[in-house]
Amino acid sequence: MTRHDQFFSRAAEQMKESAIRRMGSVMAGSRDIVSFAPGYPAPETFPWTDFRDIAADLLGGKDPGVLQYGPTRGYRPLLDAIGGIMAHRGIACATEELLVTTGSQQGLDLVARVLLNPGDVILVELPSYTGALTAFRNVQARIVGVPQEGDGVDLAALDATYERLHREGQRIKLLYVVPNFQNPTGLLIGLPKRQRLLEWAGRRDVLLVEDDPYRELYFEDSATETDVRPIKADDRDGRVIYLSSFSKTLSPGFRVAWVAAPAPIAAKLEIAKQSEDLLTGSLDQRVVYEACRRGVLDRQLPLLRRHYQHKRTVMEQALTRALGDTVSWPPPKGGFFLWLTLPPAIDADAMIPRAIEHGVIYVAGEAFFVDRQEGNTMRLSFSAPTPERIEEGVSRLGAALRAEMSASVQMKAPRASRS
């Protein structure tokens, strides 16, 4: 039998399965499992009727281009619509700086392939989005983590890390951040810190990769549109590469996202994309464009903010009832996620089998770190389950944690001496 692993590239040898996708496989069984693992939008928020009407119009056969190949950069009317979205966010962006991608994950992959050589350093927040870590690992970059504070990445630690790596002769090219309701912590980088991050990037000659899929999902009881102003809105030096998506606001199934980058970088991203998929799906782009043109997107946003704000509140109240001060978390001001810290003695990854026995799953926090950190954290997604399922799932999680704590105490208890 052929031993196939001898043919793998060095990059393939470093590839790791997504912890989030692995947890998704648990749902394939027949058991009643409440899943807090994947950050899926709530399907009840999808504008089904609007999509059905748009699809019927597009598939009427009047425009053959609907099902034809198109430009790699993207469908031009959609690019113009994205330019309008960017302007609303405070970002002046020419068409030659934009590229439509097959989801934000492709954008991250393109950025990694175009800008990083094996061994180049990219700095990331700790914890950080697993999909980004995967994209950077796949090009054999050196990923170095920087701890976060309550308002985002620790600037003192960031500069100290840069200085240390620079003394070692390392090439630091990029800093990757998710400023709005970060995946996985839900943290929001404060406006003063955003400005200081941009200043730091210019002073250290580092590019900023700003990943912003949750920008529109701020909770109106704790954040405003001003709080989510992109870093790129104040970029006057071509220092920021900006990624965003329609996955969280319209539907992830369309796989339509975009990258905004300085024109020379955008041109290289386009060439790299030609070797991946030639173009993002033409029909998908047309549907998304029509949703923008017909006002569907604008109508969706207030509904989404109220919907996810309510689910956030339900989860926080359920955690307080079930676990009290046994656990802690930074209150999310938007987005899909809550970052839970357990008692120090509990390993969230080791607790997964017990959680499954109790009928609940989550993503253990270690999946979001470059190197293994303290194991007593987990990411809970409140976006997809109904409020009733959130309450039930948190109750099950509380039972699993109490059982795990009891088992931990028993394991550490000294054995009775024999007479």
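In what follows, the structure referred to is the one given above.
Thresholds applied
- Residues numbered from 1 in each chain as written.
- Predicted model: local features only at pLDDT ≥ 70, side-chain atom pairs only at ≥ 80, totals over all residues.
- Heavy atoms only, no water.
- Helix = DSSP H or I, 4+ residues; strand = E, 2+ residues; numbered from the N terminus.
- Rg over C-alpha atoms; globule rule 2.2 N^0.38 Å.
- Buried < 20%, exposed > 50% of the residue type's maximum accessible area, 1.4 Å probe, protein only.
- Phe/Tyr/Trp six-rings, centres within 6.5 Å; stacked < 30°, edge-to-face > 60°.
- Pairing = 2+ DSSP bridges.
- Contact = heavy atoms within 4.5 Å.
- Axes fitted to C-alpha atoms, helices over the stretch in contact; angles between N-to-C directions.
- Salt bridge = Lys/Arg side-chain N within 4 Å of Asp/Glu carboxyl O.
- Parallel < 35°, antiparallel > 145°, perpendicular 65-115°, else oblique.
- Left-handed = near helix turned anticlockwise from the far one by under 90°.
- Nonpolar A, V, L, I, M, F, W, Y, C, P; charged D, E, K, R; others polar.
- Polar contact = N/O pair within 3.5 Å; in protein donor to acceptor, adjacent residues only side chain to side chain.

S.K.: Describe the overall build of the chain, listing the residues and the values that go with them.
M.R.: If you tally the helices and strands in the chain, you get 13 helices and 13 strands. Computed over C-alpha atoms, the radius of gyration of the chain comes to 22 Å, within 12% of the 22 Å expected from 2.2 N^0.38 for 419 residues, which places it in the range of a compact globule. Summarising its shape, the C-alpha atoms of the chain cover approximately 90 × 60 × 55 Å along the three principal directions. The buried share among the 419 residues of the chain stands at 54%.

S.K.: Mind laying out the packing of aromatic side chains, listing which residues take part and the relevant values?
M.R.: Remark: the centre distance and the inter-plane angle together describe each pair of aromatic rings, the angle taken between the planes. Tallied over the entire structure, the rule returns 13 aromatic pairs. Here the aromatic residues Y214, Y308, F336 and F337 are joined through ring pairs into a cluster of three or more.

S.K.: Outline unusual backbone geometry, supporting the account with residue identities and numerical values.
M.R.: Here L126 and P127 are connected by a cis peptide whose omega angle stands at -5 degrees. If you trace the backbone, P127 turns up in the loop between β3 (121-126) and α6 (130-138). The backbone of L278 sits at a positive phi, close to 65 degrees, despite the residue not being glycine. By the element assignment, L278 lies in the loop between α9 (263-274) and α10 (282-293). The exposure class assigned to L278 is partly exposed, which follows from its relative accessible area of 44%.

S.K.: So, the pairing of strand β8 (residues 240-245): which residues are in play, and what are the values?
M.R.: Burial runs high along β8: 6 of the 6 residues are buried. The two faces of β8 match: V240, Y242 and S244 on one face and I241, L243 and S245 on the other face are all buried. Where strand β7 (residues 207-211) lies against β8, 4 bridges are found, and the strand directions are parallel. Note on β8: the bridge partner recorded for V209 is I241. Pairing of β8 with strand β9 (residues 257-260) involves 4 bridges; the strand directions are antiparallel. By the bridge assignment for β9, S245 is matched with A257.

S.K.: Let's hear about the sheet that holds strand β12 (residues 363-364): which residues, and what values?
M.R.: Read across the open sheet, the 3 strands follow the order β10-β13-β12; overall the sheet is antiparallel. Bordering the open sheet on either side are β10 (337-341) and β12, each of which pairs with just one other strand. Summarising the sheet, β12 and strand β13 (residues 377-381) pair through 2 bridges and their orientation is antiparallel. Bridged to V363 within β13 is R379. Sheet strands touched by helix α11 (residues 296-323): β10 and β13. Its angle to β10, the strand with the most contacts, is close to 20 degrees.

S.K.: I'd like a rundown of the pattern of salt bridges, residues and numbers included.
M.R.: Counted under the stated rule, the structure contains 35 salt bridges. Put simply, D151 and K193 hold a salt bridge, and the shortest N to O gap is 2.8 Å. In this pair, D151 sits in the loop between β4 (142-149) and β5 (152-153) while K193 sits in helix α8 (residues 191-204), placing the two residues 42 residues apart along the sequence. A salt bridge links R203 to D159; its shortest N-O distance comes to 3.9 Å. Placement of the pair is R203 in helix α8 and D159 in helix α7 (residues 155-167), with a sequence separation of 44 residues.

S.K.: Account for the packing of helix α4 (residues 76-88) against α10, naming residues and giving values.
M.R.: As a packed pair, α4 and α10 sit with axes 9 Å apart at the nearest point and diverge in direction by 45 degrees. In terms of axis orientation, α4 runs oblique to α10. Like other packed secondary-structure pairs, α4 and α10 cross with a definite hand, here left-handed. Two secondary-structure elements touch here, α4 through P77, L78, A81 and I85 and α10 through Q285, V288, Y289 and C292. Tallied by class, residues from the contact of α4 with α10 come to 7 nonpolar, 1 polar and no charged.

S.K.: Please give an account of the sheet that holds β9 that cites residues and values.
M.R.: Spatially, the 8 strands line up as an open sheet ordered β2-β9-β8-β7-β6-β3-β4-β5, and their pairing is mixed. Here the strands that pair on one side only, and so sit at the sheet edges, are β2 (98-101) and β5. Sheet topology places strand β6 (residues 172-177) next to β7; 4 bridges connect them, and they run parallel. Paired with L174 across the strands is L207, a residue of β7. Against the sheet, α9 touches β2, β7, β8 and β9, its axis set at about 30 degrees to β2.

S.K.: How would you summarise the side chain of R73 if you had to cite specific residues and measurements?
M.R.: Here R73 is to be found in the loop between α3 (48-58) and α4. Owing to a relative accessible area of 15%, R73 belongs among the buried residues under this scheme. In this structure the side chain of R73 is engaged in a polar contact, spanning 2.7 Å, whose partner is the backbone oxygen of E96. At a separation of 3.2 Å, a polar atom in the side chain of R73 contacts the main-chain carbonyl oxygen of L98. Apart from residues lying up to four places away in sequence, R73 is in contact with L79, T95, E96, E97, L98, L99, V100, A266, A267 and E270.

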